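For reference, the chains in residue letters:
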Amino acid sequence: MTGAWGHLLRSLHLKTLSLWIPKTCFSLKARAFWTSVTRCGLHTKPSMPPCDFTPERYQSLAYSRVLEIHKQHLSPVHTAYFPEPLLLHQGHVEWLFDHEGNRYLDFFSGIVTVSVGHCHPKVNAAAQRQLGRLWHTSSVFFHPLIHEYAEKLSALLPEPLKVVFLVNSGSEANDLAMLMARAHSNSTDIISFRGAYHGCSPYTLGLTNVGIYKMDLPHGMGCQPTMCPDIFHGPWGGSHCRDSPVQTIRKCSCAPDCCQAKDQYIEQFKDTLSTSVAKSIAGFFAEPIQGVNGVVQYPKGFLKEAFELVHERGGVCIADEVQTGFGRLGSHFWGFQTHDVLPDVVTMAKGIGNGFPMAAVVTTPDIAKSLTKRMLHFNTFGGNPMACAVGSAVLEVIKEENLQENSQEVGTYMLLKLAKLRDEFEIVGDVRGKGLMIGIEMVKDKESRQPLPREEVNQIHHDCKCMGLLIGRGGLFSQTFRIAPSMCITKPEVDFAVEVFRSALIQHMERRAK
């Protein structure tokens, strides 16, 4: 069950009105579920595509007890979506089921993490085999899986990116990349964009430039922000700037092959190099597309010039592929390839393990040697047998089921459909992205581009959930909906998602009219 599993549902997409939850679960809490749908507006409910999977009956903690334990024993930081957070119970491909048996189309994939589908049978089988064989050794002993995985992963990257360091999370990966840059350059200053998110560890907080993650105590020393070349919100940008099937509605006078916005943003980058950092710098971090900031894309050609400027200062260029890697952008396997650049270090996590905690840093032999001359780098769990078994299976599924190609085809299809909603609704300011990494920015009006108030965005978000669609949030004011489903998603599921989103927008406009 490999490619056949991924394509099973594709041949079964018949319209149905009765599959909001599996038939076997209808008696569990159906009345409460239908009441919640009615509150959101039953007349707008699109028909959910079928699913041949029946979840197990939920038999764990009562919802009220979960809330009590969360309040008493878990972090008080509020991260859960919705006033009544979803209590999820089981997943299957692109579907999630809550404790009441309600089914949801997952279009955020655990924050851009479930790359090949929930509980993919090939990945499950690899994990189960290894679970019964060997869990853990640490790097003081060898096991074959880490060597097999390092060979597979490095084969997917161009020369000279061939040395793999395995860790456990994106923050860890970016921590290590910062060390590498400073060890190799013998300098301290590292530049990152405003709006960037590179982790929430004490070290990477210096790179992360989203206000809610900052704190009023010293952290992340030696990091300098620079202007984000955001062609929708920045001072420059127009209708030919980004590498996407959908362009911003801002007008520009650029020739097709000459982006004046790019040139203006490069001048700002040069200004940062001239005024905010030392003559020699350690490096520059960039996400090929900003994720947490709301799927922000840069002008074509910007990163290439920026990388050249960083290299002139002796710095190391780091591509943060935590969200963009492994074929998600469709046209290329890695996001940096869409910018025609060759970074010195690549960091990756999230989709690398389809939800299993693993991450990696891939760099050149020279940079790897620079690090090892300075310190003994050691990671107890990095590259453990379980992680490597899962990671290898994920790579195989991406190849066997043509998921990169699916991201390109289905992602482009979805972007073009969403662009029609932008043209239809004044509060949809921008639709952007590439492959299956998409942002929908909500605004008060297209002229001002001011963010739609958070409470209004919250209601649209909640209405989508009520109709069976789960999407994410991003942007400095949480004004952008983030769409990043598993890469096995189908066009009929996209049709359903777009129809749900349109229904939620209609309901919002009806509330406004009242």
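Along each chain, residue indices are assigned from 1 in the same order as the chain's sequence is written. Confidence filtering applies because this is a predicted model: local features only for residues at pLDDT of at least 70, side-chain atom pairs given and counted only at 80 or more, and all residues used for totals across whole chains, interfaces and linings. Side-chain numbers come from the whole structure's heavy atoms, not from hydrogens or water.

Counting from the N terminus, the helices are DSSP H or I runs at least four residues long and the strands are E runs at least two residues long. The secondary structure content of the chain amounts to 14 helices and 15 strands. Relative to the globule expectation of 24 Å for 514 residues, the C-alpha radius of gyration of the chain, 23 Å, shows essentially globular dimensions. A principal-axis box enclosing the C-alpha atoms of the chain has dimensions of 65 × 60 × 45 Å. With 514 residues in all, the chain has 58% of them scored as buried. Whether two residues are in contact is decided by their heavy atoms, any of which lying within 4.5 Å being enough. The contacts in the chain between residues at least 6 apart in sequence include a share of 75% that link residues at least 24 apart. In the form shown here, the chain has an accessible surface area of approximately 22,200 Å², with 56% of it arising from carbon and sulfur atoms. Note that His is not counted, nor are the chain ends; the positive residues are Lys and Arg, and the negative ones are Asp and Glu. One atom stands in for each charge, and that atom is NZ of Lys, CZ of Arg, CG of Asp or CD of Glu. Of the charged side chains in the chain, 51 are positive and 49 negative, and the gap between their average positions amounts to 3 Å. Each radius of gyration is computed over the set of C-alpha atoms, and the globule rule expresses the reference value as 2.2 Å times the number of residues to the power 0.38. A 1.4 Å probe rolled over the protein chains alone gives each residue an accessible area, and that area as a share of the maximum for its type sets the label: buried under 20%, exposed over 50%, partly exposed in between. For the area figures, the Shrake-Rupley method with a 1.4 Å probe applies, and any residue is considered shielded solely by the protein chains shown.

So, about the pairing of strand β3 (residues 103–106). Of the two faces of β3, the one lined by Arg103 and Leu105 and the one lined by Tyr104 and Asp106 are each fully buried. The turn joining strand β2 (residues 95–98) and β3, which pair antiparallel and follow one another in sequence, is formed by 4 residues; a positive phi near 90° is taken by Gly101. Examined bridge by bridge, β3 and strand β13 (residues 469–470) share 2 bridges and lie parallel to one another. Along β13, the bridge assignment pairs Asp106 with Leu470. Two strands pair under a simple rule: DSSP has to find at least two bridges between them.

Strand order in the open sheet formed by 4 strands is β1-β2-β3-β13, with mixed pairing between adjacent strands. Of all strands in the sheet, those with a lone pairing partner are β1 (88–92) and β13, marking the two edges. With 4 bridges connecting them, β1 and β2 associate as antiparallel partners. Within the sheet, the bridge partner assigned to His92 lies in β2 and is Trp95.

Before going further, it helps to examine the nonpolar core. To form a nonpolar core, buried Ala, Val, Leu, Ile, Met, Phe, Trp, Tyr and Cys residues must be joined to one another through side-chain atoms within 4.5 Å. Core analysis: the biggest nonpolar cluster contains 101 residues, and Phe107, Phe284, Met348, Met442 and Phe501 have the highest contact counts within it. The biggest single contributor to this core is helix α11 (residues 385–400), with 10 residues. Beyond its immediate stretch of four places on either side in the chain, Met442 contacts Ile427, Val428, Gln450, Pro451, Leu452, Val457, Ile460, Gln479, Phe481, Phe501 and Leu505. In this structure, Leu207, Cys223, Ala349 and Ala359 belong to the second largest nonpolar core, which totals 23 residues.

Salt bridges are identified by distance alone: a Lys or Arg side-chain nitrogen within 4 Å of an Asp or Glu carboxyl oxygen. Following the criterion strictly, the structure yields 18 salt bridges and no others. Of the charged contacts, one joins Glu441 and Arg432 as a salt bridge, the two residues approaching to 2.7 Å between their closest N and O atoms. Classification of Arg432 by relative accessible area gives buried; the value is 2%. With a shortest N-O distance of 2.9 Å, Asp463 and Arg511 are connected by a salt bridge.

Moving on: unusual backbone geometry. The residue after Glu159, namely Pro160, is reached through a cis peptide bond having omega 0°. Checked against the element boundaries, Pro160 lands in the loop between α6 (144–154) and β4 (163–167). A positive phi angle, close to 45°, is found at Ser109, a residue other than glycine. As for its position among the elements, Ser109 is in helix α4 (residues 109–112). Here the phi dihedral of Asn354 falls at roughly 55°; this positive angle occurs in a residue that is not glycine. Relative to the helices and strands, Asn354 is located in the loop between β9 (345–348) and β10 (359–363).

Tracing the sequence through the fold places His339 in the loop between β8 (316–320) and β9. Ignoring sequence-local partners within four residues, the contact set of His339 consists of Pro288, Tyr298, Leu303 and Lys304.

Attention shifts here to the packing of aromatic side chains. Pairing of aromatic side chains here covers Phe, Tyr and the six-membered ring of Trp, requires ring centres within 6.5 Å, and sorts the geometry by plane angle: under 30 degrees stacked, over 60 edge-to-face, intermediate tilted. Following the criterion strictly, the structure yields 14 aromatic pairs and no others. Measuring from ring centre to ring centre gives 5.5 Å for Phe481 and Phe501, while their planes differ by 85°; the resulting arrangement is edge-to-face. Here Phe481 is found in strand β15 (residues 480–483), whereas its partner Phe501 is found in helix α14 (residues 491–513), with 20 residues between them in sequence. The class for Phe481 is buried, based on a relative accessible area of 0%. The exposure class assigned to Phe501 is buried, which follows from its relative accessible area of 4%.

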